[in-house]
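# Structural features, examined
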Amino acid sequence: MDVEYFVQREVLDESRLDEVAQKGTWSTKPALGERVKDSLRCSVPRLKHTVLNWVPVLGWLPRYSIRENAIGDLISGCSVGIMHLPQGMAYALLASLRPVFGLYTSLYPVLVYFIFGTSRHISVGTFAVISIMIGSVTERLAPDSNFMVNGTNGTDSVDFDARDAFRVQIACSLTVLAGIFQILLGVVRFGFVVTYLSEPLVRGYTTGSACHVCVSQLKYLFGVSPARFAGPLSLIYTLVDICRLLPLTKVPELVVSLVALAVLIVVKEINACYRQKLPLPIPIELIVIIAATIITHFCGLTSTYGIDVVGEIPSGLKAPRAPDATLFSQVIGDAFAVAIVGYAINISLGKTFALKHGYKVDSNQELVALGLSNTVGGFFQCYSVTSSLSRSLVQESTGGKTQVAGVISSIIVLITVLKIGALFEDLPKAVLSTIVFVNLKGMFKQLMDVPMLWKTNKVDLLVWLVTFTSTVLLNLDLGLAVSIGFSMLAFIFRTQLPRYSILGRVPDTDLYLDTDTYKEIPGVKIFRSSTTIYYTNAEMYLEALQEKSQMNVAALRLSETSANGNRKGQVNWAYQHDTTTLDSDSDTGCQGDDSINQVSCCSDEERGMACESGTHSIILDISTTSFVDTVTVNTLKNIFRDFGAIEVDIYLAGCQVNVLNAE
């Protein structure tokens, strides 16, 4: 059944609207002085509120329900802890560090996040993209060539102990500096900065990073030692060098890699297919690590076939040590990139789970929590962390309700570090590389964004492709900078080329749509822009208005100017001040949907332009304009003046309050 509505009211101008609405002059906001005084006042409730905001665990842990949450958190924590062990050791290789430092990274930062974090479901720790970003810095500042020593037989060899120790210093310094950046941004409530990293940019960047991760692990898969390349196209050079070395592949290592890879892929697919029926996912990564270590140790694969293994894993914890501040100047740019990328991944996952389970994640507090995790972890020889999608999904799907699950996973990692870490010394590095390969599946599935974006938004597709290409070809640091720059240009491009349209009334309704489809009102043109009018597109707005209204008032103004001042050249009327209307702002006021303000002056010659087009009124629908600057105000004044000169009345409709105040 069709329902018809008939609305009848008087046409209101601005002054009449204020009268009807009983506009008041009072302000609901306190004065600036009062707000400053209020912010400086200290009371027990205010102090308690501040402490609970900065240390969220004090708010939810006293109310922790053992009956409702304990079992789920215990099972979830054990499952995630089992994942931390292989992933921690494997991702440490990406950072060009020894595997034990990946275990440290899976321990301390998790405990810090438990205290300061606001997400209940994400699993903080090692992550492939952040690890490869750290590894690019450690290899750049501590290449093998800097640690060459004379061997006993006269040949040069690498002092691995000195190299690895310096790489740990670099990683810790970078991590602490990244954490400081995150804390500072969080303290000044700058969490919104990550919104400038659009989803296509983040997904394109992580997919490109996955390519770097993949290529970096090929040397372990084939048992070759390619040269190290830095700078743009380093990934291409590395891939070419690996292909050149393929005839030197160590067949035993390749066999170990292929067997481990096959087992991991098959069992992970089983986990995915039967995740609704399995009470817990099969911990295949841990099983493969244990099996590979046992086989390598008892079959003597290291001595017989030269299989490259993890080597010494010291038991116990390291004493905290201050980072080397002299390295800050060399890693400051990389630290900021790690801080932003790590936070972007962390907050996107956190908000996803928060939306699913109906709670709120504080973006600024997450920035502080992640910064403290990195800063504190850097003192305990950890490298930078963020949340992992695979571990977070397991933590949520196995019943985890709070970050108590993170504490339980840390206990499992702690037991491993203290008691059983040394048992993994014969673990082949090739097995760890296969674990990395398998966990890249989710990132490479993001390649399916390309056909989806092609159908939905080609500008976002362009951002994705440019980000992916620049990340692959220019490396992670330059790739991120180029990606952000291009994303900003894409945003500017969109505002520079909005859609302009003349609206017409749909018959028998009060709806107004584009006249490409619907007929316009005779004598009246309703002009609308799809975006905010500001200094970069004000001139185009004026040109589009003249084109759509079929009135080139600028030509008239230019002929008058040339006659009076003998000027030549093009005049940008958006920037021209109108001296006749500078003192008459009331003539360009705004009102609601039926706003009426007009300027009308005429002469016989000018009136002919309007008569020829049959237009006597133009309504500017500026409901999409959220702010105005000086150029916009001047442009609107010039429109009123110039169209008024040919006896065409100008009306503004749909003004927002801040636009009205600016005018």
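About the cut-offs
Residues numbered from 1 in each chain as written. Predicted model: local features only at pLDDT ≥ 70, side-chain atom pairs only at ≥ 80, totals over all residues. Heavy atoms only, no water. Helix = DSSP H or I, 4+ residues; strand = E, 2+ residues; numbered from the N terminus. Buried < 20%, exposed > 50% of the residue type's maximum accessible area, 1.4 Å probe, protein only. Areas by Shrake-Rupley, 256 points an atom, 1.4 Å probe, with all protein chains shown as cover. Phe/Tyr/Trp six-rings, centres within 6.5 Å; stacked < 30°, edge-to-face > 60°. Arc of directions from axis to C-beta. Contact = heavy atoms within 4.5 Å. Axes fitted to C-alpha atoms, helices over the stretch in contact; angles between N-to-C directions. Parallel < 35°, antiparallel > 145°, perpendicular 65-115°, else oblique. Nonpolar A, V, L, I, M, F, W, Y, C, P; charged D, E, K, R; others polar. Pairing = 2+ DSSP bridges. Right-handed = clockwise from strand over helix to strand, strands pointing away. Disulfide = S-S within 2.5 Å. pLDDT = per-residue confidence, 0-100. Salt bridge = Lys/Arg side-chain N within 4 Å of Asp/Glu carboxyl O. Patch = residues over 30% accessible without salt bridge, like charges linked within 9 Å, V, L, I, M, F, W, Y side chains within 5 Å. Left-handed = near helix turned anticlockwise from the far one by under 90°. UniProt positions renumbered as here; feature names shortened; annotations may be inferred. Core = buried A, V, L, I, M, F, W, Y, C linked by side-chain atoms within 4.5 Å.

## Section: the overall build of the protein chain
- Within the protein chain, the regular secondary structure consists of 27 helices and nine strands.
- In the protein chain, buried positions account for 48% of the 663 residues.
- For the protein chain, the exposed surface amounts to about 33,200 Å²; the carbon and sulfur share of it is 62%.

## Some thoughts on the packing of aromatic side chains
- In the structure shown here, the tally under the stated rule is nine aromatic pairs.
- Geometrically, the ring pair formed by Trp 60 and Phe 114 is edge-to-face, given 5.6 Å between the ring centres and 90° between the ring planes. On the criterion of sequence distance, the pair formed by Trp 60 in helix α4 (residues 57–60) and Phe 114 in helix α7 (residues 108–116) is long-range, its members being 54 residues apart.
- When its relative accessible area of 14% is taken as the criterion, Phe 114 is described as buried.
- Aromatic side chains Trp 464 and Phe 468 sit 5.4 Å apart centroid to centroid with 20° between the ring planes, which places their arrangement in the stacked category. A residue pair is termed a helical-turn pair when its members lie 3 or 4 positions apart in one helix, as Trp 464 and Phe 468 do in helix α22 (residues 458–496) at four residues.
- The exposure class of Trp 464 is buried, given its relative accessible area of 1%.

## With respect to helix α11 (residues 234–244)
- Ser 234, Leu 235, Thr 238, Asp 241 and Ile 242 are the residues of α11 that are buried. The arc that holds the buried residues of α11, viewed along the axis, is 125°, so those residues lie on one side. Turned more than 90 degrees away from the buried face of α11 sit Val 240 and Arg 244, all of them exposed.
- In this structure, the buried residues of α11 make contact with α10 (199–222) and α22.

## Description of the packing of helix α5 (residues 66–94) against helix α19 (residues 429–439)
- At their nearest, the axes of α5 and α19 sit 9 Å apart, and the two run at 95° to each other. The pairing of α5 with α19 is recorded here as roughly perpendicular in orientation. Contacts between α5 and α19 pair Pro 86, Gln 87, Met 89, Ala 90, Tyr 91, Leu 93 and Leu 94 from the former with Lys 429, Leu 432, Ile 435, Val 436 and Asn 439 from the latter.
- Here the contact of α5 with α19 is composed, by residue class, of nine nonpolar, two polar and one charged.

## So, the pairing of strand β9 (residues 649–653)
- Within β9, five of the five residues are buried, leaving the element largely enclosed by the surrounding structure.
- Covered by surrounding structure in β9 are Asp 649, Tyr 651 and Ala 653 together with Ile 650 and Leu 652, the residues of both alternating faces.
- Here strand β8 (residues 617–621) pairs with β9 via five bridges, running parallel. Looking at β9, one finds that Asp 621 is bridged to Ala 653.
- Taken together, β8, helix α26 (residues 630–645) and β9 constitute a β-α-β crossover, and its handedness is right-handed.

## Some words on the state of the cysteines
- According to the stated counting rule, one finds zero disulfides in the structure shown.
- With no disulfide of its own, Cys 382 lies closest to Cys 172 among cysteine sulfurs, the gap being 7.3 Å.
- Judged by its relative accessible area of 1%, Cys 382 falls in the buried class.

## Let's talk about the confidence of the model for the protein chain
- Here the protein chain averages 82 in pLDDT, and 84% of its residues register 70 or above.
- Counting contacts from residues 561–602, a segment whose pLDDT is below 50, to residues more than four positions away or on other chains yields 105 contacts.

## Thoughts on the environment of Tyr 108
- Mapped onto the fold, Tyr 108 is located in helix α7.
- On the accessibility criterion, Tyr 108 (14% relative accessible area) is buried.
- Excluding residues within four positions of it along the chain, Tyr 108 makes contact with Leu 317, Lys 318, Phe 380 and Cys 382.

## Looking at the pairing of strand β7 (residues 524–529)
- With five of its six residues buried, β7 lies for the most part within the structure.
- With five bridges connecting them, β7 and β8 associate as parallel partners. By the bridge assignment for β8, Arg 528 is matched with Asp 621.

## A look at the pattern of salt bridges
- A complete count under the given rule lists 14 salt bridges for this structure.
- Among the salt bridges present, the one from Glu 139 reaches Arg 228, with a minimum N-O distance of 3.5 Å. With Glu 139 in helix α8 (residues 128–141) and Arg 228 in the loop between α10 and α11, this residue pair connects regions lying 89 residues apart in the sequence.
- Put simply, Arg 641 and Asp 642 hold a salt bridge, and the shortest N to O gap is 2.9 Å.
- Residue Arg 641 is classed as buried on the basis of its relative accessible area, which comes to 12%.
- One network of salt bridges, with partners in common, ties together Arg 98, Asp 144, Asp 161, Arg 163, Asp 164 and Arg 167.

## Topic: a nonpolar patch on the surface
- A contiguous nonpolar surface patch, about 630 Å² in accessible area, is contributed by Trp 54, Val 187, Val 188, Phe 190, Phe 192, Tyr 196 and Met 488.
- On the accessibility criterion, Tyr 196 (48% relative accessible area) is partly exposed.

## Remarks on the environment of Leu 427
- Summarising the element assignment, Leu 427 is placed in the loop between α18 (404–420) and α19.
- Note on Leu 427: relative accessible area 0%, which makes it buried.
- Sequence spacing of Leu 427 and Ala 292 is 135 residues, and the spatial spacing of their C-alpha atoms is 6.3 Å.
- If we ignore the near neighbours within four places in the chain, the residues touching Leu 427 are Met 89, Ile 289, Ala 292, Thr 293, Asp 308, Val 309, Val 310 and Leu 432.

## Concerning the packing of helix α12 (residues 251–273) against α19
- It is at 9 Å that the axes of α12 and α19 come closest, and there the two elements cross at 35°. With respect to the hand of their crossing, α12 and α19 are arranged in right-handed fashion. On α19, the residues that touch Glu 253, Val 256, Ser 257, Ala 260, Leu 261, Leu 264, Ile 265 and Lys 268 of α12 are Ala 430, Val 431, Thr 434, Ile 435, Phe 437, Val 438 and Asn 439.
- Here the residues of the contact of α12 with α19 sort into ten nonpolar, three polar and two charged.

## Considerations on the UniProt feature "transmembrane region" (unreviewed entry) in the protein chain
- Per the UniProt record, "transmembrane region" (unreviewed entry) is annotated on residues 91–116, 122–138, 170–192, 254–274, 286–307, 327–349, 404–424 and 461–493.
- The span residues 91–116 shows a helical share of 77% and a strand share of 0%, and its end C-alpha atoms are spaced 25 Å apart.

## A word on the nonpolar core
- If you look at the biggest cluster of nonpolar residues, it comprises 71 residues, and the most contacted ones within it are Met 133, Ile 134, Val 341, Leu 427 and Leu 432.
- In contact with Leu 432, other than residues within four places in its own chain, are Pro 86, Met 89, Ala 90, Leu 93, Pro 99, Ile 289, Val 310 and Leu 427.
- Ranked by size, the runner-up nonpolar core spans 24 residues in total, among them Leu 545, Leu 620, Val 633 and Ile 646.

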